[in-house]
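Coordinate inspection notes
Each chain is listed here by its residues.
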Amino acid sequence: MIVRWESDHDYVLVHIHQDMFGDWIFSRAWGQIGTQYGGLQHRLAEDRDQTLLWLEDEGMIQRSRGLRKVLEAQSDSMEGEAAIRQLSFLDNA
């Protein structure tokens, strides 16, 4: 699952997925739109339910900061794959 929030200047992108060992990973990228400023964090969850709780918390935080949800897609959709490519660029930086 991929979820992205944006304001006029900032973005936050969350990717929830399982790694090759079956562990649930909550990846969060953030930054300023159009720049290379930002960061990337990966968190290991106990299970999928924990990642969904973290996602709910993230949504509340971003709404309180004035960001709006602009994308919610499955990782294997066209939109999700495009978002993952953006995340991969950050991971290699």
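Our subject in this report is the structure included herewith. These figures come from a predicted structure and were not determined experimentally.

Here we come to the packing of aromatic side chains. Under the counting rule described, the total for this entry stands at one aromatic pair. Between F26 and W54 the ring centres are 5.6 Å apart and the planes differ by 80°, which places this aromatic pair in the edge-to-face class. On the criterion of sequence distance, the pair formed by F26 in strand 3 (residues 24-32) and W54 in helix 1 (residues 48-64) is long-range, its members being 28 residues apart. The side chain of R43 reaches across the aromatic face of W54, ending 3.8 Å from its centre.

Here we take up the nonpolar core. Ranked by size, the top nonpolar core spans twelve residues in total: M1, V3, W5, V12, V14, I16, W24, F26, A45, W54, L55 and L67. Where this core is concerned, the elements lending two or more residues are strand 1 (2-6), strand 2 (10-18), strand 3 and helix 1. The element that contributes the greatest number of residues to this core is strand 2, accounting for three residues. Excluding residues that lie within four positions of it along the chain, W5 makes contacts with D10, Y11, V12, V14, L55, E58, G59, Q62, L67, R68, K69 and V70. Listed in part, the six residues of the second largest apolar core include I2, L13, A73 and A83.

Thresholds applied
- Residues numbered from 1 in each chain as written.
- Predicted model: local features only at pLDDT ≥ 70, side-chain atom pairs only at ≥ 80, totals over all residues.
- Heavy atoms only, no water.
- Phe/Tyr/Trp six-rings, centres within 6.5 Å; stacked < 30°, edge-to-face > 60°.
- Helix = DSSP H or I, 4+ residues; strand = E, 2+ residues; numbered from the N terminus.
- Lys NZ or Arg CZ within 6 Å of the ring centre and 35° of its normal.
- Core = buried A, V, L, I, M, F, W, Y, C linked by side-chain atoms within 4.5 Å.
- Buried < 20%, exposed > 50% of the residue type's maximum accessible area, 1.4 Å probe, protein only.
- Contact = heavy atoms within 4.5 Å.

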